[in-house]
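Descriptive analysis of the structure
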Amino acid sequence: MISAASLLDASVLGVLGLLIGSFLNVVIHRLPKMMEMRWAAECAELQGTAPLEEAGKTPFNLMVPRSRCPHCSHQIRWFENIPVASYLVLGGKCSHCRAPISPRYPLIELVNGAFFAWCGWTWGLDGTALAWCGFAAAILTLAWIDWDTTLLPDDITLPLLWAGLCAAATRITETPLPDALWGAVAGYLSLWLVYWGFKLATGKEGMGYGDFKLFAALGAWFGWQALIPIILMASLIGAVIGIGMKVFAQLREGGYLPFGPFLALAGLTSLLFGPQSILAVIGL
């Protein structure tokens, strides 16, 4: 029987998830650009040449400038930025130049809203639900940034790691602190060893350091026992998608795929069904 309280909790967090999902679109688009700007400034400082600064240049961060159409620079008005609804009303096109808007924007809002609603349904409006909502939002953001740019920003992976340990320490999650601590350690070291083993054997880099940190964060949230199910699921998802993209000639230049999105998908699967259910699905 559906509880009215559970339905209300899911609805409240679902709406919150839609709103936050709209902000995640901004983070996914702007954070990599902010990182590139920061790297350019650091390189200029190391070379002893000050970065070029334009007088009155508008700051670029997650808050400013306001969102604009990439085709005609039309400033997005508040009623054109209502999650999902504005996309449907506008017919998926810019209100000014009628250029198409990528469906990924409402998709990210819907997926984030769905995870928030699921957390509200499962735990109600409490600290546990909010913690896992934050986890889902961070994982979703990391997955999309890595898919677009092959980057897993420390600005997200490291706070996610510490948040997992803090949630375990304060018993907001059910993961005991020792399991979370050793999950973080084992998650990082396991992929670090794979990375160096592959590099020593082939002279090539098979993954980035961001993957180590993301896997460590997943270990902190779910405990060391979840690492094997998560890595197996990530590898399986990656293999299926990679084979499909190769068959349809959709692989990017170099024939590689970032591993972070598949770790993220495995982490979200663990959130929904539990890490052990992954082993059951693949017959282990």
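For the structure, see preceding data.
As a starting point, this report considers the structure included with it. Being a predicted model, the structure only gives us computed values, none of them experimental.

Some words on the packing of aromatic side chains
The final tally for this structure, using the stated rule, is 15 aromatic pairs. On the numbers, 6.2 Å between centres and 15 degrees between planes, the contact of W123 with W132 is stacked. Since its relative accessible area comes to 7%, W132 is described here as buried. Between W132 and F222, the ring centres sit 5.3 Å apart and the planes meet at 35 degrees, which makes this aromatic pair tilted. Residue W132 is found in helix α4 (residues 127-149), and its partner F222 is found in helix α7 (residues 209-222); the two are separated by 90 residues along the sequence. The pair formed by W132 and F222 is uniform in burial state, with each residue classed as buried. Each residue in the set W118, W123, W132, F135, W221 and F222 is aromatic and connected to the rest through ring pairs, giving one cluster.

Observations regarding helix α1 (residues 4-46)
Given 3.6 residues per helical turn, the α-helix brings residues three or four places apart onto the same face. Its 43 residues place the ends of α1 60 Å apart at the C-alpha level, agreeing with the 63 Å of an ideal helix rising 1.5 Å per residue. Within α1, the axis deviates most sharply at R30, by approximately 30 degrees, and proline P32 lies no more than four positions further along. The distance from a side-chain oxygen at the start of α1 to the backbone nitrogen of A5 is 3.3 Å, and the residue carrying that oxygen is S3. A positive backbone phi angle near 80 degrees is found at G48, which sits one or two residues after α1.

How each quantity is defined
Position numbers for residues start from 1 in each chain and track the written sequence from start to end. Reporting of local features is limited, given that this is a predicted model, to residues whose pLDDT is at least 70; pairs of side-chain atoms are given and counted only at 80 or more, and all residues count toward the totals for whole chains, interfaces and linings. Each side-chain value is derived from all of the structure's non-hydrogen atoms; neither hydrogens nor water enter the calculation. Stacked, edge-to-face and tilted labels apply to pairs of Phe, Tyr and Trp rings (six-membered ring for Trp) whose centres lie within 6.5 Å, assigned for plane angles under 30 degrees, over 60, and everything in between, in that order. For the exposure calls, accessible area comes from a 1.4 Å probe over protein chains only, and a residue counts as buried if that area is under 20% of its type's maximum, exposed if over 50%, partly exposed in between. Numbering of helices and strands runs from the N terminus, with a helix taken as a DSSP run of H or I at least four residues long and a strand as a DSSP run of E at least two residues long. Expected helix span is taken as 1.5 Å per residue step, with the number of steps being one fewer than the number of residues. Values of bend correspond, residue by residue, to the angle between axes fitted over the seven residues ending at that residue and the seven starting there. N or O atoms within 3.5 Å of each other form a polar contact, as long as, within protein, one can give a hydrogen and the other can take it, and as long as residues adjacent in sequence are counted only when both atoms are side-chain atoms.

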